[in-house]
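Structural overview for review
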Amino acid sequence: MEAHLAETNCVSGFCLSDPLNWGSVARSLSGSHLDEVRRMVEEFRKPVVQLGGETLTVAQVAAVAAAGGARVVLYELARASMEASSNWVTESMGKGQTVTASQPGSGRPRTGGPTRGAQSHHMLPRSATRAAMLVMINTLLQGYSGIRFDILEAIAKLLNASITPCLPLRGSITTSGDLVPLSYITGVLTGRPNAKAAGPDGELLDAKEALRLAGITSGFFQLRPKGGLALVNSTAVGSVLGAMVLFDTNILAVLSEILSAIFAEVMQGKPAFTDHLTHKLKHHPGQIEFAAIMEHILDGSAFVKAAKKLPELDSLQKPKQERYALRTSPQWLGPLIEVIRYSTKAIEREINSVNDNPLIDVPRNKALHGGNFQGTPIGIAMDNTILAIASMGKLMFAQFSELVNDIYNNGLPCNLTAARNPSLD
C-alpha cells in the first residue's frame, strides 16, 4: 500500500502530480488489452484479496463473488484513520453540531423474509451479495465515512465464513445510493428480527446464528452516529453487478478474437486484411491490437497458406476480397474492446471510491456534504457495455451464418451436417 502511494505521489487520496486524475486514467489504459486480461485471470486465481481502499480490481471482485471465493484480508493500518473519523462524528454530535440530517435506509426493512430457502428468484444472487460486501469494506476503509473498523472486520468474517445476508432482488440500485439492498446487510449486523442470511450450504440463518457461525463474539452492533448511513449510502451493489459482468465480458472479447481467427482459417481467408499498415492508418488501438492478434494466430496456418495459392490456381475460385464478416472484423470488434476496457476502468474507479455522504474530513475539521452516492458512472459504463456485448454477438452471428451456408463456406456441408439432405435426414 505504501509503495502504491509513493508510486502515484498521492497523499490522503489526493494525487499531487495529477490533481484532475486524467493522467491516472491514461496510465490505466496503457499496454495491451490481451495482457490486461491475462493479469485479470491471474488475479482471479489468487486465494487472498488484500483490501486497502484504493487498489481493488474487477478480477478480485469476481474472485470473491465466486463460490468458495478468495479469502478477504483487511489492511490493518486503515484502523487509525477510521477510528479518528468515527470519533470525530461522535464528538461533533456531543457538541451539538449537526453532521447529518438523516439516515435513509437504516430504519425498518421490509417485513418478513424469504420462506423458500435462502436463494430464491426474489433474492439477489449470493455471488452479487458477496461482491457487494467486499466493495462496502473497501470503500469504507479509506476513513472518510465515520464508521468503526470492527464493523468492517465483522463483514469480512461473514465473507470468509461463506455466510451471506439475504438481499431483495428489487431495490434502489444505483439510484442515489443502494439504500434498500445494503440495509439488509446492516440488518444482520445489528440483529434485526427479520434479517436472514444464507449459510455455507445454503441453509437459512437468523442474524444471531449468522454472527455466531462467522466467529463474531461481540454480539450485535450498536451503531454510532452516521454508522448506519455509512453502511447503506453506497454504490456497492450496482458497481459489483457491473464488475462481475465486465470480468466475463473481457474474456469474451478475447474469445471473440480467437473465434474470428478460427473462422478465417475455416473459410480459407486471405490474411491481407490483417496487414498492420491498414489498421495503423485507422489509429484506433483496439482495432490495431485485434488485427495483430489475428495475424499472430493465422501465421503459419496451413489453411491460410492454401488460401494464398487459390488465385494462382483459379482466379475465379476465390473473390478478390473476403466478405465483411471476416474482412472487417478488426474494424468491428476493435472499438468494442476499447469500450469494454474503458468501462472496466470506470467500474474499478467506482469500487475504489468513497461513495457515501457526508464525508468526514478530520484534518480540516469538517463534514463535506456532496453526492458521491450518485450511480451515473456505473450507468454510463454499463449502457456502453451492453451495446458492446450485443455487437460482439452480432459479429459472431454473421460469421456463423456464413459458416453454415454452403453457398459461402468453401465446400463444407449445409448446416455443417454429415447428412446428404439435412432437411430430410
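Let me begin by describing the structure that accompanies this report. (Residues numbered from 1 in each chain as written. Predicted model: local features only at pLDDT ≥ 70, side-chain atom pairs only at ≥ 80, totals over all residues. Heavy atoms only, no water.)

Let's talk about the pattern of salt bridges
Side chains that differ in charge, positive against negative, can pair when their charged atoms come close. Enumeration according to the criterion identifies 12 salt bridges in this entry. The shortest N-O distance in the salt bridge between Glu348 and Lys345 comes to 3.4 Å. Separated by three residues within a single helix, Glu348 and Lys345 lie in helix 16 (residues 329-351), roughly one turn from each other. Residue Lys345 is classed as buried on the basis of its relative accessible area, which comes to 12%. Close ionic contact of Arg364 with Asp361 constitutes a salt bridge, the shortest N to O distance being 2.5 Å. (Salt bridge = Lys/Arg side-chain N within 4 Å of Asp/Glu carboxyl O. Helix = DSSP H or I, 4+ residues; strand = E, 2+ residues; numbered from the N terminus. Buried < 20%, exposed > 50% of the residue type's maximum accessible area, 1.4 Å probe, protein only.)

Quick look at the sheet that holds strand 7 (residues 204-206)
With antiparallel pairing, the three strands of this open sheet are ordered in space as 5-6-7. Two strands close off the open sheet at either side, each with one partner strand: strand 5 (164-165) and strand 7. As paired strands, strand 5 and strand 6 (residues 196-198) are joined by two bridges and run antiparallel to one another. Opposite Pro165, over in strand 6, you have Ala197 as the bridge partner. (Pairing = 2+ DSSP bridges.)

Quick word on the side chain of Asp356
Secondary-structure assignment places Asp356 in the loop between helix 16 and strand 8 (359-361). Side-chain polar atoms of Asp356 contact the side chain of Ser145, separated by 3.0 Å. Polar contacts involving the side chain of Asp356 include one to the side chain of Lys226, which spans 2.5 Å. Residue contacts for Asp356: discarding those within four places in its chain leaves Ser145, Lys226, Ala230, Asn233 and Asn372. (Polar contact = N/O pair within 3.5 Å; in protein donor to acceptor, adjacent residues only side chain to side chain. Contact = heavy atoms within 4.5 Å.)

Topic: the packing of helix 16 against helix 17 (residues 376-403)
Between helix 16 and helix 17, the least distance of the axes is 9 Å, while the angle of their chain directions is 155 degrees. Here helix 16 is positioned roughly antiparallel relative to helix 17, judged by the angle of their axes. Remark: the crossing between helix 16 and helix 17 carries left-handed chirality. Contacts between helix 16 and helix 17 involve Ser329, Trp332, Leu333, Leu336, Val339, Ile340, Ser343, Ala346, Ile347 and Glu350 from the former and Pro377, Ile378, Ala381, Met382, Asn384, Thr385, Ala388, Ser391, Met392, Lys394, Leu395 and Gln399 from the latter. Within the contact of helix 16 with helix 17, the residues separate by chemical class into 14 nonpolar, six polar and two charged. (Axes fitted to C-alpha atoms, helices over the stretch in contact; angles between N-to-C directions. Parallel < 35°, antiparallel > 145°, perpendicular 65-115°, else oblique. Left-handed = near helix turned anticlockwise from the far one by under 90°. Nonpolar A, V, L, I, M, F, W, Y, C, P; charged D, E, K, R; others polar.)

A look at the packing of aromatic side chains
Under the defined criterion, the tally for this structure stands at one aromatic pair. With a centroid separation of 5.0 Å and 25 degrees between ring planes, the pair formed by Phe44 and Phe247 is classed as stacked. Of this pair, Phe44 sits in helix 3 (residues 33-44) while Phe247 sits in helix 11 (residues 236-266), and the two are 203 residues apart along the sequence. By relative accessible area, which is 8% here, Phe247 ends up buried. Between the NZ or CZ atom of Arg323 and the centre of the ring of Tyr408, over which it lies, the distance is 3.9 Å. Here Arg349 stacks its cationic end above the ring of Tyr342, 5.5 Å away from the centre of that ring. (Phe/Tyr/Trp six-rings, centres within 6.5 Å; stacked < 30°, edge-to-face > 60°. Lys NZ or Arg CZ within 6 Å of the ring centre and 35° of its normal.)

Some details on the pairing of strand 4 (residues 71-74)
Every second residue of strand 4 is oriented toward a common face, the buried set being Val72 and Leu74 and the non-buried set Arg71 and Val73. Relative to strand 4, strand 3 (residues 48-51) runs parallel, the two being bridged by four bridges. Directly across from Leu51, in strand 4, lies its bridge partner Leu74. The parallel pair strand 3 and strand 4, bridged by helix 4 (residues 58-65), forms a crossover whose chirality is right-handed. (Right-handed = clockwise from strand over helix to strand, strands pointing away.)

As for the environment of Gly379
Summarising the element assignment, Gly379 is placed in helix 17. Separated by 32 residues in sequence, Gly379 and Ile347 place their C-alpha atoms 9.9 Å apart.

Considering a nonpolar patch on the surface
On the surface, Leu252, Leu255, Ile258, Leu259, Ile262, Val266, Ile297, Phe400, Leu412 and Leu416 cluster together to form a nonpolar patch covering roughly 770 Å² of accessible area. The biggest single contributor to the nonpolar patch is helix 11, with six residues. Mapping Ile297 onto the fold places it in helix 13 (residues 285-298). (Patch = residues over 30% accessible without salt bridge, like charges linked within 9 Å, V, L, I, M, F, W, Y side chains within 5 Å. Areas by Shrake-Rupley, 256 points an atom, 1.4 Å probe, with all protein chains shown as cover.)

A short note on the nonpolar core
When a protein is soluble and globular, its nonpolar side chains tend to lie buried together. If you look at the biggest cluster of nonpolar residues, it comprises 89 residues, and the most contacted ones within it are Val61, Leu134, Ile137, Leu141, Leu231 and Ile347. Ranked by the residues each element gives to this core, the list is headed by helix 11, at 11 residues. Aside from chain neighbours lying at most four places away, what touches Leu231 is Met136, Leu140, Ile147, Ile151, Ile155, Leu182, Thr186, Leu189 and Leu223. (Core = buried A, V, L, I, M, F, W, Y, C linked by side-chain atoms within 4.5 Å.)

So, unusual backbone geometry
Residue Pro358 is reached from Asn357 by a cis peptide bond, and omega for that bond is -5 degrees. The backbone of Asn21 shows a phi angle near 75 degrees, a positive value even though the residue is not glycine. With respect to the secondary-structure elements, Asn21 resides in the loop between strand 2 (14-15) and helix 2 (22-28). Unlike most non-glycine residues, Gln268 shows phi in positive territory, near 55 degrees. Tracing the backbone shows Gln268 in the loop between helix 11 and helix 12 (276-280). The class of Gln268 is partly exposed, set by a relative accessible area of 21%.

Purely geometric numbers; function is a separate question.
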